[in-house]
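Results of the structural survey
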Amino acid sequence: MEAVDYLAEERRKAEFDVEEMKIVWAGSRHAYEISDRVSRLVASDPVFRKDNRTMLSRKDLFKDTLRKAAHAWKRIIELRLSEEEAKTLRFYVDQPAYTDLHWGMFIPAIKGQGTEEQQQKWLPMAYKMQIIGCYAQTELGHGSNVQGLETTAKFDPQTDEFVIHSPTLTSSKWWPGGLGKVSTHAVVYARLIIDGQDHGVHGFIVQLRSLDDHSPLPGITVGDVGMKFGSGAYNSMDNGVLRFDHVRIPRNQMLMRVSQVTREGKYMQSDVPRQLVYGTMVYVRQTIVSDASRALSRAVCIATRYSAVRRQFGSQNGGPETQVINYKTQQSRLFPLLASAYAFKFVGEWLKWLYADVTQRLEANDFSTLPEAHACTAGLKSVTTSATADAIEECRKLCGGHGYLSSSGLPELFAVYIPACTYEGDNIVLLLQVARFLMKTVSQLGSGKNPVGTTAYMGRVEHLTQCNCEVQRAEDWLKPSVILEAFEARAARMSVACAKSLSKFSNPEEGFAELSADLVEAAVAHCQLIIVSKFIEKLQQDIPGKGVKRQLETLCNIYALYLLHKHLGDFISTGSISPKQGALANEQLRLLYSQVRPSVIALVDAFNYTDHYLGSILGCYDGNVYQKLYDEAWKDPLNETVVPDGYHEYIRPILKQHIRNARL
Ligand SMILES: CCCCCCCC/C=C\CCC/C=C/C(=O)SCCNC(=O)CCNC(=O)[C@H](O)C(C)(C)COP(=O)(O)OP(=O)(O)OC[C@H]1O[C@@H](n2cnc3c(N)ncnc32)[C@H](O)[C@@H]1OP(=O)(O)O
Ligand SMILES: Cc1cc2nc3c(=O)[nH]c(=O)nc-3n(C[C@H](O)[C@H](O)[C@H](O)COP(=O)(O)OP(=O)(O)OC[C@H]3O[C@@H](n4cnc5c(N)ncnc54)[C@H](O)[C@@H]3O)c2cc1C
């Protein structure tokens with residue numbers, strides 16, 4: 001059989017309706033239709049070509065990004081695309097650009113923190129892209145510690161203005177995407193100072209560049225922070241540096257939903273909690289969880305298709321060698337990642353719902369679910385991005401040597417993806433926020449206040465700290481209630497253990513710092529429980545299509561048992577399961593790998609990614625890997641000439657040195 005036929009053969013083995021699974025993956029038939037149509041539109045447009053971008057210089061890459069962003073905007077207008085279609089189009093263009101921050105942070109910041117009046121003034125201009133904005137929070141000296149920001153906004157009652165200033169080198173804004181070369185405006189986070197009194201960090205809309213000739217306005221120094229990790233990759237983004245020298249803005253450009261400054265310079269706080277100043281981060285963290293499932297599914301699609309094409313060893317009587325996907329080691333590394341992609345998809349959908357719910361409540365002045373929304377978005381952002389970054393690298397290794405080629409698409413995907421572990425909150429810093437929330441929840445147990453939402457399980461803490469796992473045979477691990485209880489017991493016991501250790505410290509902050517590594521592990525356990533439980537909840541829905549639900553059940557079990565195996569130490573040391581039960585889980589996991597094996601190619605086809613979006617020879621739909629790799633090699637600029645540039649200067653003299661030596 002030719003390599004090109006391997007995937008066709010695999011597709012015949014699928015044990016479910018792939019078309020129906022595509023709809024489950026997309027979230028709805030409507031979302032599927034948009035995604036399918038728009039991804040093809042992007043793939044067929046030569047301006048969106050991206051196969052050459054790792055070869056471009058920084059300047060050329062940046063210009064190419066500007067060109068793509070402008071063309072995308074033109075197509076959005078011409079085709080009168082809806083907001084959802086436009087977002088999908090930008091997503092499939094697949095090149096980080098200033099537009100991500102304009103639509104993803106600048107606009108949400110104004111929507112979330114601006115008053116009605118401010119929204120009416122600024123949003124129409126932003127929606128039409130008459131102004132382009134970014135989110136300027138992080139500084140050279142402080143990123144995680146938002147309260148430590150140094151930029152100041154001093155109120156001048158004489159002129160009814162704020163004076164924005166960068167008092168130190170470390171107060172220079174540093175990192176904001178879109179700031180370096182493009183943004184005309186920014187939401188700038190600065191300390192509000194009135195009459196010498198510091199009221200903490202607030203957001204201000206500041207114009208940075210002239211709308212006529214794009215030059216920086218007086219008092220503003222702005223530029224790009226320089227090259228980042230990897231070729232191509234995130235270097236399409238102009239992450240910027242910005243300094244203010246006493247820049248004046250009108251008073252009404254402070255975002256005033258949370259607190260206000262009157263004409264007289266009086267500081268007023270509305271009923272809205274101060275933490276809403278951090279609201280944009282909650283919004284973006286939620287979107288990052290869905291992005292994790294996309295990045296992970298993309299890497300998994302590449303590694304799965306290639307693993308079915310690639311053959312090594314095991315040829316009998318001159319027959320074909322073994323497909324590497326049939327090695328149990330390959331399966332035990334790859335299939336959990338496939339299952340994780342689906343798990344992150346469903347938890348991302350749930351988080352989107354949670355965010356919509358909290359937003360609705362906030363509008364009605366109900367702030368009760370904000371702490372949980374903060375903990376969930378922070379924790380799930382952390383756990384899913386860390387797992388995805390590791391998984392992309394694992395997928396590269398799963399593709400052997402060819403995975404290291406740029407044309408595999410994996411090196412660039414890795415380089416683009418890994419900052420997700422840092423931006424929108426360093427993953428450890430975010431897990432510590434979850435841990436604080438958990439410790440607070442544990443400390444309130446028994447106070448008559450029942451934990452709700454994702455911590456409802458803590459309400460059964462007495463049972464969960466004493467229960468014995470009922471598994472006696474490997475197949476017992478297929479019961480959702482058994483899996484759920486094991487994860488709940490592990491999470492509850494880890495939190496309770498941390499709370500007990502904390503109570504031994506007379507200074508709780510000192511205790512928190514001392515125990516922070518354990519607290520992070522407890523936070524991870526809690527977040528993994530959320531992901532597993534949301535997958536299980538998804539399966540309680542009516543899911544049409546032949547065999548679709550069954551495949552999802554298998555993936556859910558793989559995800560849960562893979563986590564259990566990976567964190568066996570936690571489960572056993574907390575007594576949530578016994579070592580024997582751990583071994584049975586692993587036995588069941590092996591069986592599940594065999595069960596899902598015939599369907600894995602169809603399961604990655606269900607992502608419905610075009611070859612353009614995948615950007616990988618190893619992952620191409622037809623599986624014609626070898627011919628494409630061979631052809632691609634000849635396109636490399638080094639192969640434009642048979643004898644390389646530099647031969648005469650640097651190779652020939654070395655080769656000829658023996659003649660000189662012989663003459664000496
Ligand atoms: C096609 C379109 C695509 C669109 C998609 C766009 C996506 C774009 C993707 C990629 C581009 C990358 C863009 C990157 C942007 C950035 O990185 S912006 C900068 C992000 N910075 C951070 O995340 C900083 C991290 N630090 C913090 O969040 C906070 O400072 C903190 C560490 C959480 C808090 O520290 P601190 O201990 O000082 O706490 P306080 O400030 O005192 O707060 C105490 C209480 O507030 C609660 N809290 C904290 N944060 C929040 C929040 N966000 N929401 C609600 N509540 C919050 C905290 O729990 C405390 O509560 P308590 O008093 O009850 O205990
Ligand atoms: C590609 C990219 C794009 C970005 N885009 C933007 C943007 O558009 N706008 C914007 O404002 N910012 C942006 N940022 C900045 C980003 O949000 C910050 O870099 C991020 O929040 C981390 O902060 P930091 O750099 O200060 O890390 P640090 O906090 O200095 O982290 C350094 C180390 O210290 C550890 N650490 C820090 N605090 C603690 C603690 N309390 N306990 C234990 N360990 C701790 C961390 O875990 C980490 O290991 C971007 C960053 C990147 C990389």
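Residues numbered from 1 in each chain as written. Chains lettered and ligands numbered in written order. Predicted model: local features only at pLDDT ≥ 70, side-chain atom pairs only at ≥ 80, totals over all residues.

1. Considering the UniProt feature "domain: Acyl-CoA oxidase C-terminal" (unreviewed entry) in the protein chain
- Sequence positions flagged by UniProt for "domain: Acyl-CoA oxidase C-terminal" (unreviewed entry) are, in local numbering, residues 480-656.
- In the segment residues 480-656, helix accounts for 71% and strand for 0%; the C-alpha atoms at its two ends are 73 Å apart. (UniProt positions renumbered as here; feature names shortened; annotations may be inferred. Helix = DSSP H or I, 4+ residues; strand = E, 2+ residues; numbered from the N terminus.)

2. So, the site of ligand 2
- Taken together, 21 residues form the shell around ligand 2, and within it Gln137, Thr138, Gly143, Ser144 and Trp175 come nearest.
- Counting only elements with at least two residues in the shell around ligand 2, the list comes to strand E1 (133-136) and helix H12 (427-443).
- Broken down by element, the shell around ligand 2 gets its largest block of residues, three residues, from H12.
- For the shell around ligand 2, the class distribution of residues is eleven nonpolar, eight polar and two charged. (Near = placed C-beta within 6 Å. Nonpolar A, V, L, I, M, F, W, Y, C, P; charged D, E, K, R; others polar.)

3. Quick notes on H12
- Taking 1.5 Å as the rise per residue, H12 with 17 residues should run 24 Å; its terminal C-alpha atoms sit 24 Å apart, in good agreement.
- Burial in H12 covers these residues: Asn427, Leu430, Leu431, Leu432, Val434, Ala435, Phe437, Leu438, Met439, Thr441 and Val442.
- Residues of H12 that are buried in the fold lie against helix H10 (370-398), helix H14 (480-503) and helix H16 (516-539). (Expected span 1.5 Å × (residues − 1). Buried ≥ 20, exposed ≤ 12 C-beta atoms within 10 Å, placed from the backbone. Contact = placed C-beta atoms within 7 Å.)

4. Section: the site of ligand 1
- Taken together, 29 residues surround ligand 1, and among them Gly104, Val146, Gln275, Tyr278 and Gly425 come closest.
- When residues of the shell around ligand 1 are traced back to their parent elements, those giving at least two are helix H5 (83-93), helix H6 (98-113), helix H8 (279-309), H10 and H12.
- At four residues, the largest contribution of residues to the shell around ligand 1 is made by H8.

5. Comments concerning the sheet that holds strand E7 (residues 220-224)
- Ordered by their spatial adjacency, three strands build an open sheet running E4-E8-E7, and the pairing between neighbours is antiparallel. The open sheet has two edge strands with one neighbour each: strand E4 (173-174) and E7. (Pairing = 2+ DSSP bridges.)

6. Quick notes on unusual backbone geometry
- Positive phi, close to 60 degrees, is recorded for Asp160, a residue that is not glycine.
- Although it is not a glycine, Asn317 sits at a positive phi angle of roughly 45 degrees.
- Assignment of secondary structure puts Asn317 in the loop between H8 and helix H9 (328-363).
- Using a count of 4 C-beta atoms within 10 Å as the deciding quantity, one classes Asn317 as exposed.

7. Section: the UniProt feature "domain: Acyl-CoA oxidase C-alpha1" (unreviewed entry) in the protein chain
- On the UniProt side, "domain: Acyl-CoA oxidase C-alpha1" (unreviewed entry) is annotated at positions that read residues 278-439 here.
- Here residues 278-439 is 72% helix and 0% strand, with 21 Å between the C-alpha atoms at its ends.

8. Considering the packing of H9 against H16
- Between H9 and H16, the least distance of the axes is 9 Å, while the angle of their chain directions is 85 degrees. By the angle between their axes, H9 is roughly perpendicular relative to H16. Two secondary-structure elements touch here, H9 through Ala343, Phe346, Val347 and Trp350 and H16 through Ile530, Ile531, Lys534, Phe535 and Lys538.
- Partitioning the contact of H9 with H16 into residue classes produces seven nonpolar, no polar and two charged. (Axes fitted to C-alpha atoms, helices over the stretch in contact; angles between N-to-C directions. Parallel < 35°, antiparallel > 145°, perpendicular 65-115°, else oblique.)

9. As for the packing of H10 against helix H11 (residues 410-417)
- For the pair H10 and H11, the least separation of the axes is 9 Å and the interaxial angle reads 165 degrees. On the basis of the axis angle, H10 is roughly antiparallel to H11. Judged by the sense of rotation from one axis to the other, the crossing of H10 with H11 is left-handed. When H10 is examined against H11, the residues Thr388, Ala389, Ile392, Glu393, Cys395 and Arg396 are found in contact with a partner set consisting of Leu410, Pro411, Leu413, Phe414 and Tyr417.
- Of the residues belonging to the contact of H10 with H11, the class tally is eight nonpolar, one polar and two charged. (Left-handed = near helix turned anticlockwise from the far one by under 90°.)

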